[in-house]
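Here is what each chain is made of, one letter per residue.
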Amino acid sequence: MAGTGWIIQVNEDLKNMEGLSTEKHHWNKGSIYKLPASLTDMNKKAYKPQTVSFGPYHYDPSNPMEEHKHRALLHFLKRCGKSVELFVDALAEVENDLKDSYTLLHFVSKEVTDIFLQLMILDGCFMLEILRTAAHVLDDYAVNDPIFGNHGRLHVVPYIKRDMLMLENQLPMLVLEKLVAVEHDKAKDEGFVTKVILKFLCSCNVSPNMGKCVHVLDLYRKSLLQHEPDHKYIRHKMRSMEREDEIIWSATALNEAGIRFQKSATTSLKDITFARGVLRLPVVVVDDTTESMFLNLMAFERFHVGAGNEVTSYLIFMDNIIDNARDVSLLHSKGIIQNALGSDKAVANLFNSLSKDVTQDPDSSLQIVHKRVYHYCRKPWNKWRANLIHTYFRNPWAFISFTAGVFLFVFTIAQTGYSIYPYYFPPNDSSPSTFTCVPAAPPPPNHSSSDSTSPSTLVISFILVSMVCMLTN
């Protein structure tokens, strides 16, 4: 029987139960998640910062980078000419909102939560200094500074950038906005922080109009997805009522079926289309940071309600069309994959591992592309073409043998035709002045091997072609 104390507690909680609107507001607060071990155990380094921590989840006072954070704060305060108390007061006004951003802050040690505002100011100023250093807008650091000098830009900042894109290592965007507002007496526009972050993270030009972003990882994700939806695909989606178990072929098999690969007009991960036998995919750079970046983006989509599933859908689609190194080599030759890992096999293994234990969104726009490609490959001619190429054109010897067989067959048919034609349509030797058409008697059979081809010749040709095809298999 259930304990009396538990029954009393349940009844008390039932009386104090929040309304639906309050409950909805509660779930909207969190945006920085402590990931479960079932997810992080598969690749711990991908989710744990290796160079610098931001926020309370991975705070370690023994980390040498904490000293550099303190130096960054001093430079920041000296440059703007404001006291640290102004920044503390500004963040204290929104302290509860900042704490609510961390969904499992109550599991963090009391020593860390007691210095929560101190962490927000130190980490926020350090992040702003890193963003500005990379943009070469600071000149109050020594040339040989190990973090903020040229040496740091080359050997340290790339690893800080990787750590900034880890879900457990985020700072609320509100921290950066408050710090900048106090620094410039609210003179900066609302999109200033967004522009600085995008300049640091993205090498290509993207619009800063991203809407409200909760942290750096969220902003970076939206920058990868900037693309207007294709309304033709939306209409196709509305018309598509049936669902089938559709398995898309690998890139190599699709190419054999006549599908051509081209680069999309943009780098947006949503800019994937298929029309008139052409599959267009965005360019993706694969390097040492790609795995960690994509894993954290997928984790954010998985745990943040309403974030969407576009990155996850993209990776599942890429996993479908990449089976081995040949597929990567094909996409690389089309300029779609820029391989900085060196090995095509390593890239194939990377994409195959990213989508493990991941659920596909059935309403994703990529499902429409998937369906179109699937039905294109099911057309008889495309299936025959793929089988022909796969069987006879995979290596040069098979191609040469097949070509020789075809030529032999064609020449035999031509020879037979030229031999039969005079038999049924002999030359007309009658005088031009004669208008009466008299059927000519059929010429006597000529058994000379130089003038005719016996039916057995055609049979032999068929046998030779068949033998060539069997040998090439």
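Right above here is the structure, for reference.
The structure reproduced in this document is the subject of the present report. (Residues numbered from 1 in each chain as written. Predicted model: local features only at pLDDT ≥ 70, side-chain atom pairs only at ≥ 80, totals over all residues. Heavy atoms only, no water.)

**A few points about the side chain of His 304**
Position of His 304 among the secondary structure elements: in the loop between α17 (290-303) and α18 (310-321). Setting aside chain neighbours within four positions, we find His 304 in contact with Gly 30, Ser 31 and Tyr 33. (Helix = DSSP H or I, 4+ residues; strand = E, 2+ residues; numbered from the N terminus. Contact = heavy atoms within 4.5 Å.)

**Considering the packing of aromatic side chains**
For the structure shown, the criterion picks out nine aromatic pairs. Both rings, one in Phe 54 and one in Phe 126, keep their centres 6.2 Å apart while their planes meet at 35°; by these two values the pair is tilted. Within this pair, whereas Phe 54 is found in the loop between α4 (44-47) and α5 (65-80), its partner Phe 126 is found in helix α9 (residues 116-134), the two being separated by 72 residues in sequence. For Phe 126, a relative accessible area of 0% puts it in the buried group. Arranged with centres 5.5 Å apart and planes meeting at 90°, the rings of Tyr 57 and Tyr 102 form a pair that is edge-to-face. With Tyr 57 in the loop between α4 and α5 and Tyr 102 in the loop between α7 (95-101) and α8 (110-113), this pair connects stretches of sequence that are 45 residues apart. For Tyr 57, a relative accessible area of 11% corresponds to the buried category. Site record: aromatic cluster; members linked through ring pairs are Phe 54, Phe 126, Tyr 141 and Phe 148. (Phe/Tyr/Trp six-rings, centres within 6.5 Å; stacked < 30°, edge-to-face > 60°. Buried < 20%, exposed > 50% of the residue type's maximum accessible area, 1.4 Å probe, protein only.)

**Some words on the sheet that holds strand β1 (residues 260-263)**
Strands sit in the order β1-β3-β2 across an open sheet of three strands; the sheet is mixed. In the strand order of this sheet, the two ends are held by β1 and β2 (273-275), each with one partner. Within this sheet the neighbouring strands show an average axis-to-axis angle of 25°, counted without direction. Of the pairings in the sheet, the one linking β1 to strand β3 (residues 278-281) comprises four bridges and is parallel in character. Its bridge partner lying in β3, Lys 263 is registered against Leu 281. Contacting β2 and β3, helix α21 (residues 366-378) runs over the sheet at an angle of about 35° to β2. (Pairing = 2+ DSSP bridges. Axes fitted to C-alpha atoms, helices over the stretch in contact; angles between N-to-C directions.)

**Here's the deal with the packing of helix α19 (residues 325-333) against helix α20 (residues 344-354)**
Look at α19 against α20: their axes get within 8 Å of each other, and the N-to-C directions meet at 105°. Judged by the inter-axis angle, α19 sits roughly perpendicular to α20. Of the residues in α20, those in contact with Ala 325, Val 328 and Ser 329 of α19 are Asp 344, Lys 345, Val 347 and Ala 348. (Parallel < 35°, antiparallel > 145°, perpendicular 65-115°, else oblique.)

**As for the pattern of salt bridges**
This structure, assessed with the given rule, holds 16 salt bridges. Across the pair Asp 114 and Lys 110 runs a salt bridge whose closest N-O atoms are separated by 3.0 Å. The class of Asp 114 is exposed, set by a relative accessible area of 52%. Using a relative accessible area of 57% as the deciding quantity, one classes Lys 110 as exposed. In this structure, the salt-bridge partner of Glu 129 is Arg 132, at a minimum N-O distance of 3.9 Å. Of the two residues, Glu 129 and Arg 132 both sit in helix α9, three residues apart, roughly one turn of that helix. Comparing Glu 129 with Arg 132 shows no difference in burial state: the two are buried. (Salt bridge = Lys/Arg side-chain N within 4 Å of Asp/Glu carboxyl O.)

**A short note on the nonpolar core**
Ranked by internal contacts, the top residues of the largest apolar core, which has 112 residues, are Phe 126, Leu 279, Phe 294, Ile 321, Leu 331 and Ile 337. The dominant element in this core, judged by the number of residues it contributes, is α9, at twelve residues. Contacts of Leu 331, omitting those with residues within four sequence positions, involve Ala 251, Phe 261, Leu 281, Met 318, Ile 321, Ile 322, Ile 336 and Ile 337. (Core = buried A, V, L, I, M, F, W, Y, C linked by side-chain atoms within 4.5 Å.)

**Concerning the packing of α9 against helix α13 (residues 192-201)**
Between α9 and α13, whose axes approach to 9 Å, the crossing angle comes to 60°. Accordingly, the angle class assigned to the pair α9 and α13 is oblique. As for the relative orientation of α9 and α13, their crossing is left-handed in sense. Along the contact surface, α9 presents Ile 130, Leu 131, Arg 132 and Ala 134, while α13 presents Phe 192, Val 196, Ile 197 and Phe 200. Class assignment of the residues belonging to the contact of α9 with α13 gives a composition of seven nonpolar, no polar and one charged. (Left-handed = near helix turned anticlockwise from the far one by under 90°. Nonpolar A, V, L, I, M, F, W, Y, C, P; charged D, E, K, R; others polar.)

**Quick notes on the pairing of β3**
Sheet topology places β2 next to β3; three bridges connect them, and they run antiparallel. Paired with Ala 275 across the bridge in β3 is Val 278. In textbook terms, the turn of a hairpin is the stretch between consecutive antiparallel strands, and for β2 and β3 this stretch comprises two residues, one of which, Arg 276, has a positive phi near 55°.

**Here's the deal with a nonpolar patch on the surface**
On the surface, Val 406, Phe 407, Val 410 and Phe 411 cluster together into a nonpolar patch covering about 380 Å² of accessible area. Among the secondary structure elements, Val 410 is positioned in helix α23 (residues 396-424). (Patch = residues over 30% accessible without salt bridge, like charges linked within 9 Å, V, L, I, M, F, W, Y side chains within 5 Å. Areas by Shrake-Rupley, 256 points an atom, 1.4 Å probe, with all protein chains shown as cover.)

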